[in-house]
Amino acid sequence: MTGYQGRHLLADLTGCSGLDDAALIEAALTEAAAAAGATLLDVRLHHFGPGAGVTGVALLAESHISIHSWPEHGYAAIDIFLCGARHDPYAALAVLRARLGATHAETQLIARGYGAMRTN
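Residues numbered from 1 in each chain as written. Predicted model: local features only at pLDDT ≥ 70, side-chain atom pairs only at ≥ 80, totals over all residues. Heavy atoms only, no water.

Novice: Provide a residue-level description of the pattern of salt bridges, including the pertinent values.
Specialist: Evaluation of the coordinates by the stated rule reveals one salt bridge. Here Glu 31 makes a salt bridge to Arg 99, at a shortest N to O gap of 3.0 Å. In this pair, Glu 31 is assigned in helix α1 (residues 22-36) and Arg 99 in helix α2 (residues 89-100), connecting sequence segments 68 residues apart. On the basis of relative accessibility, which here comes to 31%, the residue Arg 99 falls in the partly exposed class. (Salt bridge = Lys/Arg side-chain N within 4 Å of Asp/Glu carboxyl O. Helix = DSSP H or I, 4+ residues; strand = E, 2+ residues; numbered from the N terminus. Buried < 20%, exposed > 50% of the residue type's maximum accessible area, 1.4 Å probe, protein only.)

Structural data, given as structure tokens:
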């Protein structure tokens, strides 16, 4: 029996700029949701102060896209979890990479949902 299948894309972005700019990150999350074909419900951000990073999440009807940034290292941790085959986590990631000027990305795709994992 095949169960629900979701995709959870994790990405470490390096060489980024603008990681202390909450408005830039909010726009990037909003555009990433649209690029993925997802339904944006809300964007919530927390800025840790001048020169410090931002943590944020785009709440989606299909799950979420989140970011945690370290501007002092040019590094952002990205988490894109989408339900349904018609939604494209890689399109969302492409927007985030472009908006943040990432020079490199390490990614890992994880199958999620009942029937997606094997247990021992």
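Having put the structure on the table, let's press on.
Novice: Can you tell me about the pairing of strand β2 (residues 40-47), naming the residues and giving the values?
Specialist: By the bridge criterion, seven bridges tie β2 to strand β3 (residues 54-60) in an arrangement that is antiparallel. In the strand pairing of β3, Asp 42 is matched with Leu 59. Adjacent in sequence and paired antiparallel, β2 and β3 are bridged by six residues, among which Gly 49 carries a positive phi angle near 115°. (Pairing = 2+ DSSP bridges.)

Novice: Before we move on, can you summarise the sheet that holds β3 with the specific residues and values?
Specialist: Spatial ordering of the open sheet is given by β2-β3-β4-β5-β1-β6, a layout of six strands whose pairing is antiparallel. Looking at the sheet topology across the chains shown, the edges are occupied by β2 and β6 (104-112). Within this sheet the neighbouring strands show an average axis-to-axis angle of 10°, counted without direction. Bridge count between strand β4 (residues 63-70) and strand β5 (residues 75-83): eight bridges; the pairing is antiparallel. (Axes fitted to C-alpha atoms, helices over the stretch in contact; angles between N-to-C directions.)

Novice: Go over the environment of Ile 78, please, and point to the residues and values.
Specialist: Structurally, the position occupied by Ile 78 is in strand β5. In sequence terms Ile 78 and Ala 105 are 27 residues apart; their C-alpha atoms lie 9.9 Å from each other. Non-local contacts of Ile 78, meaning those with residues more than four positions away in its chain, are made with Leu 9, Leu 10, Ala 11, Leu 13, Ser 66, Ile 67, Leu 93 and Leu 96. (Contact = heavy atoms within 4.5 Å.)

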